[in-house]
Amino acid sequence: MTNYQFPKDFYWGSASSGPQSEGRYENDGKGDNIWDLWYKEQPELYFNTIGPEKTSQAYTHIKEDVALLKATGHNSFRTSIQWSRLIPEGRGAINPAAVKFYNELIDELLANDIEPFINLYHFDMPVVLQKEGGWENRKTIDAYVAYATACFELFGDRVKKWFTHNEPIVPVEGGYLYGFHYPHEVSFKAAVQVGYHEMLASAKAIAAYRALGKIGEIGIILNLTPSYARDENNPSDVKAAQFADGFFNRSFLDPSVLGEYPADLIDDLRSADVLPSYLVEDLEIIKNNTVDLLGINYYQPRRIQARENPHEWSVPMPEDFFETYDMPNKKINPYRGWEIYEKGIYDTLTNIRENYGNIPCYISENGMGVEDESRFIDKQGQINDDYRIEFVSEHLKYVHQAITEGSNVRGYHMWTFIDNWSWLNAYKNRYGFVSLNLENDGKRTIKKSGHWYKKVSENNGFED
């Protein structure tokens, strides 16, 4: 039997987001974001036509939800402030109902010895700003920094862990390449510009935070998906994997941690004629405002080979540089179609230790979505999600190995706490430690994994 013991003061918790959990209510003062707009325009795109107004109702369940956090062993919890809830028009007047809600949530977390990790942007651009171009428009950066500054001033006396963005590559992919986020455009050049503006906005928000003299840490949360070449001895496959790693990982990782963009990525984007517009002084801002803390979201690896077949788009795309390799006999989560490769989390942490100064980091998301979990309800009404316990524990073993080898990993947050709304997928897949009954006024019930996680947290580890 092996005992996996974790460092003292390790952060055990989970992650959620404002737009995926809060819901909308009469007189709550929230403005529309791009998900509210897209649902009004095309509700049929959403699984079972469930939109962002019907989430896990966190807005009206603060005390109950924090009690459930405590009951499932949390000593930390990440969520996000909704830009369009706090500042309904994206810039200008602050919504007092939002201030009240976030104050109550933060205070309740702290009263229960749960440290709030607060993220500022989770794919929820206010509609007013999106109509002006969203992240394509440089002026959005100023609006974002003003929003971030308002958050720091309102809540920074109690919140000591801030994050500028969650997965900034996703608005690039979803909104401007592959069509699964609004405004569902297809433009390699616009995608690169969006990513650059997000990165500059992050650096400027970090500068604003430090200028206020708050006592705390500020970082960014990146979904780091390791790119493995089909054949490590084939230079073409290796080069393709290097591009994929550069575009999807290092495009944010390097400027966030090292303060500069990778030279090979710049060369590749120049060759495709998609380099972003920028000001020379931007690069100094990015260089001088690197992160204190890195959140790492890990779900699956990326398998890459050299381009052998024409891709499906008739316009320039990142896929000009690589092709996805369908590795035979891989372990799969059939509900998402994602490969389960636990060692990828170790490889990612090793990379951070060896190539990024071993910056303080934590696993900010990791988890598995499963359809129709009601199949696994026992006579007592509990979902016996042994598959989730296995998934988390197998990843934690590799996190533990990375720690024993010197990685500066401070915590682990699973996605997610309560089954929450997941963009176009709505509630197709369930991810939580706690189940949500949409038909029964949002009734919450702790799953087997939630009880297991409490024991892990209490013991600061587990036995295999």
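Residues numbered from 1 in each chain as written. Predicted model: local features only at pLDDT ≥ 70, side-chain atom pairs only at ≥ 80, totals over all residues. Heavy atoms only, no water.

Bringing the sheet that holds strand β4 (residues 115-119) into the picture now. Within a sheet, neighbouring strands are paired by backbone hydrogen bonds and run either parallel or antiparallel to one another. Strands sit in the order β2-β3-β4-β5-β6-β8-β13-β14 around a closed barrel of eight strands; the barrel is parallel. Neighbour-to-neighbour, the strand axes of this sheet turn through a mean angle of 25°, independent of strand direction. As defined by bridge partners, strand β13 (residues 361-365) adjoins strand β14 (residues 409-415) across two bridges and the pair is classed as parallel. Counted as the bridge partner of I363 is Y412 from β14. The strands touched by helix α7 (residues 139-155) are β5 (161-166) and β6 (217-223); relative to β5, the strand with the most contacts, the crossing angle is about 155°. (Pairing = 2+ DSSP bridges. Helix = DSSP H or I, 4+ residues; strand = E, 2+ residues; numbered from the N terminus. Axes fitted to C-alpha atoms, helices over the stretch in contact; angles between N-to-C directions. Contact = heavy atoms within 4.5 Å.)

Another aspect to go through is the pairing of strand β16 (residues 443-446). Every second residue of β16 is oriented toward a common face, the buried set being R444 and I446 and the non-buried set K443 and T445. Alignment of strand β15 (residues 434-437) against β16, held across four bridges, turns out to be antiparallel. Counted as the bridge partner of S435 is T445 from β16. Joining the antiparallel neighbours β15 and β16 is a turn of five residues, in which D441 adopts a positive phi near 55°. (Buried < 20%, exposed > 50% of the residue type's maximum accessible area, 1.4 Å probe, protein only.)

Now for the environment of F117. Of note, F117 is situated in strand β4. The exposure class of F117 is buried, given its relative accessible area of 0%. F117 sits 12 residues away from L129 along the chain, and the two C-alpha atoms are 26 Å apart. Sequence-distant contacts of F117, that is, excluding residues within four places in its chain, are made with Y11, S76, F77, R78, T79, K161, F163, Y362 and H413.

This part takes up the environment of H61. Position of H61 among the secondary structure elements: in the loop between α2 (34-41) and α3 (62-71). The buried category is assigned to H61, whose relative accessible area is 13%. Here the alpha-carbon distance between H61 and E22, two residues 39 residues apart in the chain, equals 9.1 Å. Excluding residues within four positions of it along the chain, H61 makes contact with D441 and R444.

Attention now goes to the packing of helix α14 (residues 386-404) against helix α15 (residues 448-459). Interhelical geometry of α14 versus α15 gives an angle of 35° and a closest axis separation of 8 Å. Crossing handedness for the pair α14 and α15: right-handed. Where α14 abuts α15, its residues D386, R388, I389, V392, S393 and L396 lie against K448, S449 and W452. In terms of residue class, the contact of α14 with α15 is built from four nonpolar, two polar and three charged. (Left-handed = near helix turned anticlockwise from the far one by under 90°. Nonpolar A, V, L, I, M, F, W, Y, C, P; charged D, E, K, R; others polar.)

Don't take any of this as a statement about function, it's just geometry.
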